[in-house]
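Okay, here's what each chain looks like letter by letter:
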Amino acid sequence: MPSVRTAELVRSARGMLGRQGYTPLATNCSFTIRITTRWPNQTDDGLAVLTAFRINLHSEDNNGHGPNSLSDRETLPENTETDTLHLNKDTVFFRDGLRRIDFVISYVDDKDGDGKKQERRREFEANLEKAGLELETEDKSDADDGKTYFLKIHAPWEVLATYADVLKIRVPFKASDIPHTKDAPLEWLSRPFRLPERIMRPEPDYFTSPFDKGKIDFFLIKDKDTFFPPSTRNRIVYYILARCPYYKEDRKEKDKKGIKRLLSNGTYTAAFPLHDSRYWKRSRNSECESERYNLYQNWARLLSFYKEQPLNLIRKYYGEKIGIYFAWLGFYTEMLFIAAVIGVVCFVYGLLSYDDNMSSKEICDPSIGGSIVMCPLCDKKCSFWKLNSTCLSSWQSHLFDNEGTVFFAIFMGIWVTLFLEFWKRRQARLAYEWDLVDFEEEQQQLQMRPEFEIRCTEKRLNRITQEMEPYLPMKSKCARYWLSGATVLFWICMIVACIIGVIAYRLAVFAAFASIMKDSPTRKIQLVGSLITPQLATSVTASCINFVIILILNFFYERVAIWITDMEIPKTHLEYENKLTMKMYLFQFVNYYSSCFYVAFFKGKFVGYPGNYTYMFGKWSRLRNEECDPGGCLIELTTQLLIVMAGKQLCGNIQESLLPLMRNWWGSRKGRKQPENQYSRWEQDHDLLNFSQIGLFYEYLEMVIQFGFITLFVASFPLAPLLALFNNILEIRVDAWKFTTQYRRPVASKARNIGAWQEILNVVAILSVVTNAFIMAFTSDMIPRLVYLYAYHSGTEASMMGYINNSLSVYNISQISAYSMPEEGESPIWFDSSFITTCRYRDYRYPSGHQREYTHTMQFWHILAARMAFIIIMEHVVFVVKFFVAWLIPDVPSEVKARIKRERYLIQEYLHDYEVEKLKLQLLSASASFMTESRSELYPGFCSATDKCEVLSECL
């Protein structure tokens, strides 16, 4: 027969009686227990269960006949001797069934190991108990692995009230009397996308005020056990854990403080709050909220991709910081839908105008493009080639390089402004609804990082709080910032050096690929040989090398960024995250966008001409600057952007979904198979992945990098917002699935906005206007075509006929130096030097024999002036519209402003009434006490005993 510990059974019985409404049991009770068991083959889960029990309680005070006795109640309500009680370990309560587990700390006690860890644990746990926390330990013999101890922590009401006062946590004091916004007239259209009201609004609306322990009766406290939600409880407990010392009283050491250091030195293995249930089914305990189950059913499943997000429930379960991230991601995805629709329209316009593309027709025409011989693209190894070999790429280029692209570039500049301004309004509304209006100032003043308190030994008076607080001297701060800045600059220079190395690789191997891939009958590749060009081979191999370099640099710099941010010792968690954000994004910006910037603004711009080519490191290096793809520079930028953006999104989603699943495969499988009464809640969560304090940083970083792709270079690829839209729809559900099923429950934390990312988005929005203007002016062929159409076309009607011949300059082959001339055997079969005396190249220069031979023509300067004019006009138009829209749309909606003012007014009114009533009661009590004392002096027999006087005073 399986053994059952008596103490555990007693606690379970007491907990059940407490939940049924009985008075607390006396500590000196005796239990008479009858146990029957079923063997494994008689139960569903293969375990013996406790059945048919009866408890007889006897108190020494009443001999079993008082109110604590069950002799008058033969059985518990709705229970008989045949009822079954499962020993369920899948619970969030202590063994007594009454006290909630607010935090769990795990450790492995190595008896033969370092005794310092045991000493640290003893001191730390003793100090936790002195702080008022209640502890309960699960022995390793009860653990599934047989070696892990679990320390369960409960914060009683006094502790919660004390620290809620310290942290100024806002709690309800009056039900909100402001009605919700009425549904729109076409509300039925959005009904399929909505979630049930109980999921969208898991709790009523209240007016709230910072908690004050001295004014308990001012707030709406119905039940002290449920007044603070689990997210607030675990936040308070973590605040205590992060500051609790583990040194002895006689040996105070400033650095021996906080759970973070104990985790880093191996004293404890994990510290986390508990999920309230399994994600695939509700908790059996009716007192558990089962919010995790509701989130999984209505939010985390992929089939719910078209549904709205339950932001209030996310905030209630995970805290405001995670809630604001999903609110921003959802709003960003909604706005992407508009940009994606306009981008598709522009792309469709390119398709519909496909047949009207006169430039491509001339290139593909055998009599025009087939008769134009182009100069070699590299020295020695590259041969002469015909223009019609670029027929396919010229048609492809037209899909993205047309009149609609100009409109789309201007539209995206305005779209960015609308997105940022409307997000500010949405953020302000959430800040009010989630009680975050005045949070940032409180966070700066009250939630100082423990590391700052430990490492900053000097103190000074805070002018705001008028209290002594630690600070970092200016001399030390400047030295740390200088070292930090030098380190960031060094790594950015390393990225630039790697990019230059990749460019040098492209220049060096292009000639090699050109020599290998000659157009000859002996070419071995038969099936795809005609599709593989030297340009394609060079780009693919260079992209692979660049991708590997990005991964390697990211791996090292991530650790360097965390190290230098720790070295700066930021004061608050918000400051720490903002500093880390700026360092990491600056690095990622250079790392991810450098190749696109090179293709857009440098490649093909400094080539020279056949008789005077420009070389990267001088002519001695033999690395001739790279020309654009024959189809044009814009199509190559489009290809680069598509590969980098789509590849990053694909790899990111695979990494986010598969890696957590693979790392947590055994824990998930065990959680499904193990029964509830064997696999405890704390063990289930212990087997999940840990969500670090900066876990959201990487989620934001991924999305902001994507935001840069769709804004900085969107003029080259109108379908970029559509790809981002599809990715984000999947990203929301993948992130939700990770949080709900694969990660431990993170410690709830507050944030009123998206932090430093807001400023980064503003900078990217301004920079995007400049980059798109320059892309349209210098990378696209739009301006040269317009100048030709309206200024240089020789016909009576505006037409693009003759543009190709006009845009190519002529060079005398006999003037090509021996250093650049193709080697013997490199020229194609059709090339005959006796008949072909000139070759063409992309530029506007005078031909051979002209008095200004090979210098820029007047058309070149006209085009340059048109390009500069276009940049100025486009930037000014977009910026004027941006600033007008920003001025027109207020950051905070008028409705929210009114609500904030009304709430502050009500707080003052209710506090005033509360103080007045309190003063009246005090005066009444003092008056009654004075009357009693006066009567006792006048009539000594009126109140002969002290206790009678006290009773009379109370009655009065």
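All of the points below concern the structure found in this document.

Cut-off values and rules
Residues numbered from 1 in each chain as written. Predicted model: local features only at pLDDT ≥ 70, side-chain atom pairs only at ≥ 80, totals over all residues. Heavy atoms only, no water. Helix = DSSP H or I, 4+ residues; strand = E, 2+ residues; numbered from the N terminus. Expected span 1.5 Å × (residues − 1). Buried < 20%, exposed > 50% of the residue type's maximum accessible area, 1.4 Å probe, protein only. Phe/Tyr/Trp six-rings, centres within 6.5 Å; stacked < 30°, edge-to-face > 60°. Lys NZ or Arg CZ within 6 Å of the ring centre and 35° of its normal. Axes fitted to C-alpha atoms, helices over the stretch in contact; angles between N-to-C directions. Parallel < 35°, antiparallel > 145°, perpendicular 65-115°, else oblique. Left-handed = near helix turned anticlockwise from the far one by under 90°. Contact = heavy atoms within 4.5 Å. Nonpolar A, V, L, I, M, F, W, Y, C, P; charged D, E, K, R; others polar. Salt bridge = Lys/Arg side-chain N within 4 Å of Asp/Glu carboxyl O.

For the rest of this paragraph, the subject is helix H6 (residues 230–243). Taking 1.5 Å per residue, 14 residues should reach 20 Å; H6 reaches 20 Å between its end C-alpha atoms and fits that length. With 13 of 14 residues buried, H6 lies mostly within the body of the structure.

All told, the structure shown has 63 aromatic pairs when counted by the stated rule. Geometry around Phe555 places Arg559 over its ring, the cationic atom sitting 4.0 Å from the centre.

Turning our eyes to something else, we now look at the packing of helix H10 (residues 320–352) against helix H23 (residues 720–742). Across the interface, H10 lies against H23 with an axial gap of 7 Å and an inter-helix angle of 160 degrees. By the angle between their axes, H10 is roughly antiparallel relative to H23. The interaxial crossing formed by H10 with H23 has left-handed handedness. Across from Ile322, Tyr325, Phe326, Leu329, Gly330, Tyr332, Thr333, Leu336, Phe337, Ala339, Ala340 and Val344 in H10, the residues of H23 making contact are Pro721, Leu722, Ala724, Leu725, Asn728, Ile729, Glu731, Ile732, Asp735, Ala736 and Phe739.

Among the residues making up helix H25 (residues 782–792), those that are buried are Met782, Ile783, Pro784, Arg785, Val787, Tyr788 and Leu789. Taken together, the buried residues of H25 touch helix H11 (358–364), helix H13 (403–433), helix H24 (756–779), helix H26 (803–807) and helix H27 (858–888).

Between helix H18 (residues 573–601) and H24, whose axes approach to 12 Å, the crossing angle comes to 10 degrees. What the angle tells us is that H18 and H24 run roughly parallel. When H18 is examined against H24, the residues Asn578, Thr581, Met582, Tyr585, Phe589, Phe597, Ala600 and Phe601 are found in contact with a partner set consisting of Ala756, Trp757, Ile760, Val764, Leu767, Thr771, Phe774, Ile775 and Thr779. Grouping the amino acids of the contact of H18 with H24 by side-chain chemistry returns 13 nonpolar, four polar and no charged.

Overall, the coordinates contain 38 salt bridges when judged by the stated rule. Residues Glu158 and Lys213 are paired through a salt bridge, measuring 3.0 Å at the closest nitrogen-oxygen approach. Here Glu158 is found in helix H3 (residues 157–166), whereas its partner Lys213 is found in the loop between strand S7 (206–210) and helix H5 (224–227), with 55 residues between them in sequence. Residue Glu158 is classed as partly exposed on the basis of its relative accessible area of 47%. For Lys213, a relative accessible area of 32% corresponds to the partly exposed category. Across the pair Glu568 and Lys579 runs a salt bridge whose closest N-O atoms are separated by 3.7 Å. With Glu568 in helix H17 (residues 534–568) and Lys579 in helix H18, this pair connects stretches of sequence that are 11 residues apart. A relative accessible area of 5% places Glu568 in the buried class. Residue Lys579 is classed as buried on the basis of its relative accessible area, which comes to 18%.

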